Amino acid sequence: ALITGYIQQRQFHEALNCFEQMQSDGFSPNSFTFTSILKACGSTGAIAKGREIHDKIMSRGLLEMDNIMLGNALVDMYAKCGALQKAQHVFEELPKRTVVSWTVLVAGYAQHGCSDLAIDYFRQMQDEGITPNLVTFTCILKACGSLGSLKLGKKIHQEVKKKGLLEKEILLGTALVDMYAKCGELEKAREVLEEIPKRDVGSWSALIAGYAQHGHGDQALRCFKKMKCEGVSPNAITLTCMLKVCGSLGTLELGTEIHAEANKQGLLQRNIFLGTALVDMYAKCGLLQKAHEIFRELPKRDVISWTSLIRGYTEHGYDHLALKCFQEMQNEGIDPDVVTYICVLKACCSIC
């Protein structure tokens, strides 16, 4: 009961500590304990502990007792930890597969970028006569968006609409907006957003991201303003997308406002993507000293943040500073990517 309470409150490390203490006190976990603690392993990526629990389950023959919840928890744990082949192996050995079994496998493939396999298993699931649930539809829409599978995405839209699921599930509506936006169907994405009975920051952000991704900065800006008028506060994803728009349009004033909002929410200390987007925005707007300041304050710097600064120096004619940054980046052990090399070669040409 205590372990489950910690998991419900997303205090996964505390749950794992309790599990260890329970065994130290001489108590043997039962199927329910194992099912709960596997969720903690999946959520924290503790695959070594998950494998250890799997061995204990097998040694006690608990899966042979037709314990479908425990089997599903094992598939889910491996899938969340990225051990997709292992998840599939456990899935195939289950004596009975339910919609939850199929969904955790589909979700694992979708989450780790194997969208084609997610769609394959979704189709197999339907061929076996298993009806998808809300979570299945949400996961498969993510896979459709990643692959640009608009035809399947539209088919799922018709199915969920027919079942009346959009009227009561905001996450499903958000997944639909995201799918249409990623597939470039921005007008359709906007229509779906307007049909959702309750719009939250996730659904607004999906549409804003779509407009930003496809170069419609003015539309993203209008959406952002409308979202705030409806009393919805932006999150790190919204602000990151809007900083991209500000950099593209050169709207420095709004970019500075977003910077202040990010500071107010304390997001910069824990979100490297938002910090990198700030560096990129200031660099594109020509405030290179400010971009450099933000860059130095980042809690962690990766190839994207380094490249944003290097590109800013190159685009504004500070080629020597671009090359200096490139050298520092390598000294820190960060490997350049294709975009970094293009920027550096451009700087070299200018100096020559």
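Residues numbered from 1 in each chain as written. Predicted model: local features only at pLDDT ≥ 70, side-chain atom pairs only at ≥ 80, totals over all residues. Heavy atoms only, no water.

Undergrad: A description of helix α14 (residues 217-229) should follow, citing residues and the corresponding values.
TA: Compared with an ideal rise of 1.5 Å per residue, which puts 13 residues at 18 Å, α14 spans 18 Å between its outermost C-alpha atoms and is within 8% of the ideal. Listed in full, the buried residues belonging to α14 are Gly217, Ala220, Leu221, Cys223, Phe224 and Met227. On an axial view of α14, the arc spanned by its buried residues comes to 160 degrees, and they lie on one face. Along α14, exposed side chains directed more than 90 degrees from the buried face belong to Lys225 and Cys229. (Helix = DSSP H or I, 4+ residues; strand = E, 2+ residues; numbered from the N terminus. Expected span 1.5 Å × (residues − 1). Buried < 20%, exposed > 50% of the residue type's maximum accessible area, 1.4 Å probe, protein only. Arc of directions from axis to C-beta.)

Undergrad: Explain the packing of helix α10 (residues 150-162) against helix α11 (residues 170-182) to me, using residue names and the numbers behind them.
TA: Each packed pair of helices is defined by two parameters, the angle between the axes and the distance between the axes. For the pair α10 and α11, interaxial distance at closest approach is 10 Å and the crossing angle is 155 degrees. Classified by the angle between their axes, α10 and α11 sit roughly antiparallel to one another. Every pair of crossing elements has a handedness; the one defined by α10 and α11 is left-handed. In this structure, α10 contributes Leu150, Gly153, Lys154, His157 and Val160 to the contact, and α11 contributes Leu172, Leu176, Met179 and Tyr180. Its residues placed into classes, the contact of α10 with α11 shows six nonpolar, two polar and one charged. (Axes fitted to C-alpha atoms, helices over the stretch in contact; angles between N-to-C directions. Parallel < 35°, antiparallel > 145°, perpendicular 65-115°, else oblique. Left-handed = near helix turned anticlockwise from the far one by under 90°. Contact = heavy atoms within 4.5 Å. Nonpolar A, V, L, I, M, F, W, Y, C, P; charged D, E, K, R; others polar.)

Undergrad: Can you explain the packing of helix α13 (residues 201-213) against α14? Please cite residues and give values.
TA: Contact geometry of α13 with α14 gives a least axis separation of 7 Å together with a crossing angle of 160 degrees. Put simply, α13 runs roughly antiparallel to α14. Considering only the axes of α13 and α14, their crossing is left-handed. Between α13 and α14, the residues in contact are Trp204, Leu207, Ile208, Tyr211 and Ala212 and Gly217, Gln219, Ala220, Cys223, Phe224, Lys226 and Met227, respectively.

Undergrad: Tell me about helix α21 (residues 338-351), and name the residues and values.
TA: Over its 14 residues, α21 runs 20 Å from end to end, which matches the ideal 20 Å to within 8%, given 1.5 Å per residue. What α21 keeps buried is the set Thr340, Cys343, Val344 and Ala347. For α21, the angular spread of the buried residues around the axis is 95 degrees, confining them to a single face. Facing away from the buried side of α21, by more than 90 degrees, are the exposed residues Val338, Ile342, Leu345 and Cys349. Looking at the packing, one finds that the buried side of α21 touches α19 (303-315) and α20 (319-331). Of the residues flanking the start of α21, the one acting as N-cap is Asp337, its side-chain oxygen 3.2 Å from the backbone nitrogen of Val339. (Polar contact = N/O pair within 3.5 Å; in protein donor to acceptor, adjacent residues only side chain to side chain.)

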